[in-house]
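Summary of structural features
One letter stands for each residue in the lines below.
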Amino acid sequence: MTIVNIDDMREAARRRLPKIFFDYIDGGSFSETTLRANRRGFDAWVIEQRVLASGRVPDLATTYLGRRHALPFMLGPVGFLGLYRGRGELLAARAARAAAIPFCLSTFSIASIETLARDGAGAAPGDLQFQLYMLDDEGLNQELLAAATAAGVSTLHLTVDCTVTAIRERDVRNAFRSARRPTPAMLASMLSRPAWLIDLLRHGMPAVEALERHPEFGQGALEQAVNLSRRMDRTLSWAEVDWLRTRWPGRLVIKGVLSTDDALRARDAGADAIVISNHGGRQLDGVASTISVLPRIVEAVGETFEVLLDGGIRRGADIVKALALGASGVLLGRAYAFALAAGGEAGVTRAIDILRTELSVTLALMGLDSIDALKAAGGGVVRRADDPGTGG
Ligand SMILES: Cc1cc2nc3c(=O)[nH]c(=O)nc-3n(C[C@H](O)[C@H](O)[C@H](O)COP(=O)(O)O)c2cc1C
C-alpha cells in the first residue's frame, strides 16, 4: 500500500501485526474517550496563515532537554517494541539516531539499556534516554537505576500516571497481559501473520532482558508482561520523586502530568522538565486532551521550567500547535510504533520523514522560517477555533 501519512502507517501495521499486538498499541482504556479527545484537542486550535512572508526552507532544529536536536519531536517510551518487530527497540533507536533526535527506552522493553548502549543506538553519543517505572520491588528499581547509570543515560523519564494499570478492554478481550502462555486464539492470530512471525522468531523467543536475573517474573515476554503490570508501585508518591532526585544526578523528567498543581510540584521537587501526558488515553479515561491543558500549565510554571507534551501527535500541524502553545518539544508514541511494526527501521525513518516534511510545509505556509521563530511567535500564530481572531 502507498504510505502517505501516519494514518497509513497505522493501517500497514494493522495488516502486519497479530490482532493482539495491534490492539495493544492502538487501544486506550475503558471507553477510549481520552484517546479520541487527544486527537480532537488539536482540532480545537487553528493556525494563522501568513502569505508572502518567507521564502527560505524552514530550519527545523531546536532545543529541548538540554540539547539542540535536528527536529522538535523525539521517540518517546513505548513498551514491548521488540514484540512488534524483532529487535524493535534497536531499530527504532537507530532510526532516531540517524535523524539526530532522541529515543527513550521504556522499562518494559525486550532489549535492555545495556544492549542499547552497546549497540551505540542511542540518539546521539551521551544522549541515551530511559523511562523508569517504579515497581514494588525495591531491589529491581535499584538495578534499573544502576543499569541506566552504567549505560550513561543522560535523561531519566519517571512515568507517574501508571501506578495502577487501567483496564484496556481490547487487551482484556485478547487476553494480552492476563494470559501467561499463548491462548489458542492468540496462536491463531499469530499464525495468520506469517511475515511478523518469521521475523520475530529469527531473533529467538522474545523475553525482557532486564529481567534475565529475575525468574520470578516468568520466562517469556507474555508472562513477564503480565507480572510487570501487576508489580507497579501503587504507593508511588512525591516522596519517591524527592528520593530519586537525590539519587539521580542526570536530567530528570516527570512524565504523565496533566494538572497545574502537579506541574508546580514537579518543578519544586527539582525535576528538569515535565511531559504533559495522559499516556495516550491508555490510563485515566475521561481526562482532558493534553493540548487543552498545555497553555495553562505553561503559564503557571513560567518560562524557565521546561514543558514537553505527547498524546495524539499524528501530523506536523499538531507539533506546530504544541510548540506555539509553549511546549519545548513533543514525544511520539503510536506514530512511530505503528511505523516500526509496518516497516522496521525503514518504517520509523519514513514516519520521521513524513512528519519532517509536514512540519516544513506547514511552517513555510505560515510564513515562518524556523522552529525557533515559531516558538518565539508563540500563541500569536495559533488561536482557538471558536475565536474569530482579530484578522490582523
Ligand atoms: C503500545 C504503547 C506502549 C506504551 N508504553 C509505555 C511505557 O512503557 N512507558 C511510558 O512511559 N509510556 C508508554 N506509553 C505511552 C507513550 O509514551 C505516550 O505517552 C503515548 O503513546 C502518547 O500518545 P500517542 O501514542 O497517541 O501519541 C505507551 C504507549 C503505547 C501506545
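See above for the structure.
These notes cover the structure that comes with them. (Residues numbered from 1 in each chain as written. Predicted model: local features only at pLDDT ≥ 70, side-chain atom pairs only at ≥ 80, totals over all residues. Heavy atoms only, no water.)

1. Notes on helix H1 (residues 6-16)
Selection criterion: The buried label applies to any residue whose accessible area, calculated with a 1.4 Å probe on protein chains only, is under 20% of its type's maximum; exposed applies above 50%, and partly exposed to all values in between. Numbering of helices and strands runs from the N terminus; a helix is a DSSP stretch of H or I covering at least four residues, while a strand is a stretch of E covering at least two. Regarding the arc, it is the one traced by the directions from the helix axis to the C-beta atoms. Note on contacts: a residue pair qualifies if any of its non-hydrogen atoms lie within 4.5 Å across the two residues.
Along H1, the residues that are buried comprise Ile-6, Asp-8, Met-9, Ala-12, Ala-13 and Arg-16. An end-on view of H1 places all buried positions within 145° of arc, on one side of the element. On its buried face, H1 sits against helix H2 (19-26), helix H4 (81-84), helix H10 (194-202) and helix H16 (334-366).

2. Examining the pattern of salt bridges
This is how it is decided: By definition here, a salt bridge exists when the distance from a side-chain nitrogen of Lys or Arg to a carboxyl oxygen of Asp or Glu is within 4 Å.
Inspection of every chain in the model, using the stated rule, returns 24 salt bridges. Ionic pairing is found between Glu-11 and Arg-14, a salt bridge with its closest N-O pair at 2.7 Å. Within this pair, Glu-11 and its partner Arg-14 are both found in helix H1, separated by three residues, close to a single helical turn. Note on Arg-14: relative accessible area 38%, which makes it partly exposed.

3. What about the site of the ligand?
To be explicit about the condition: When at least one non-hydrogen atom of a residue lies within 4 Å of a molecule or strand, that residue is treated as near it. Residues adjacent in sequence count toward polar contacts only when both atoms are side-chain atoms; beyond that, a polar contact is any pair of N or O atoms within 3.5 Å, and within protein one must be able to donate a hydrogen and the other to accept it. For the accessible areas, the method is Shrake-Rupley and the probe is 1.4 Å, while residue cover comes only from the protein chains on display. Put simply, Ala, Val, Leu, Ile, Met, Phe, Trp, Tyr, Cys and Pro go in the nonpolar bin, Asp, Glu, Lys and Arg in the charged bin, and everything else, Gly too, in the polar bin.
Inspection of the region around the ligand gives 22 residues, with Pro-77, Ser-106, Thr-159, Asp-310 and Arg-334 positioned closest. Taking Lys-255, its side chain carries an N or O atom lying 2.9 Å from an oxygen atom of the ligand. Here the ligand loses 98% of its free accessible area of 600 Å² to cover by the protein chains. In terms of residue class, the shell around the ligand is built from seven nonpolar, ten polar and five charged.

4. Focus on the packing of aromatic side chains
So the rule is basically this: Whether two aromatic rings pair depends on their centres lying within 6.5 Å, for rings of Phe, Tyr and Trp, where Trp uses its six-membered ring; planes under 30 degrees apart make the pair stacked, over 60 edge-to-face, and the rest tilted. Throughout this description, the term charge over a ring refers to an Arg CZ or Lys NZ atom that lies within 6 Å of the ring centre and within 35 degrees of the ring normal.
With the rule as written, the count across this model stands at ten aromatic pairs. Ring centres 5.7 Å apart and planes at 85° place the aromatic pair Phe-21 and Phe-176 in the edge-to-face group. Here Phe-21 is found in helix H2, whereas its partner Phe-176 is found in the loop between helix H8 (169-174) and helix H9 (184-191), with 155 residues between them in sequence. Side by side, Phe-21 and Phe-176 carry an identical accessibility label, which is buried. When the ring of Phe-80 is compared with that of Phe-108, the centres are 5.8 Å apart and the planes differ by 35°; the resulting orientation is tilted. Taken together, the positions of Phe-80 in the loop between strand E4 (73-75) and H4 and Phe-108 in the loop between strand E5 (104-105) and helix H6 (113-119) put the pair 28 residues apart, joining distant regions of the chain. By relative accessible area, which is 0% here, Phe-80 ends up buried. Classification of Phe-108 as buried rests on a relative accessible area of 4%. Taken together, the ring pairs connect Phe-21, Tyr-24, Phe-80, Tyr-84, Phe-108, Tyr-133, Phe-176 and Trp-196 into an aromatic cluster. Over the ring of Tyr-24 we find Arg-282; its NZ or CZ atom is 4.8 Å from the centre of that ring.

5. Considering the side chain of Arg-282
Keep this limit in mind: In this tally, Asp and Glu contribute negative charge and Lys and Arg positive charge; neither His nor the terminal groups of the chain are included.
For Arg-282, the position within the fold is in the loop between strand E9 (273-276) and helix H14 (290-301). One buried charged residue, Arg-282, forms no salt bridge at all, with the nearest opposite charge on Asp-171 at 5.3 Å. Separated by 2.8 Å, the side chain of Arg-282 and the backbone oxygen of Tyr-24 make a polar contact. The residues touching Arg-282, leaving out its near neighbours within four places in the chain, are Tyr-24, Ile-25, Gly-27, Gly-28, Ser-29, Ala-166, Arg-168 and Arg-334.

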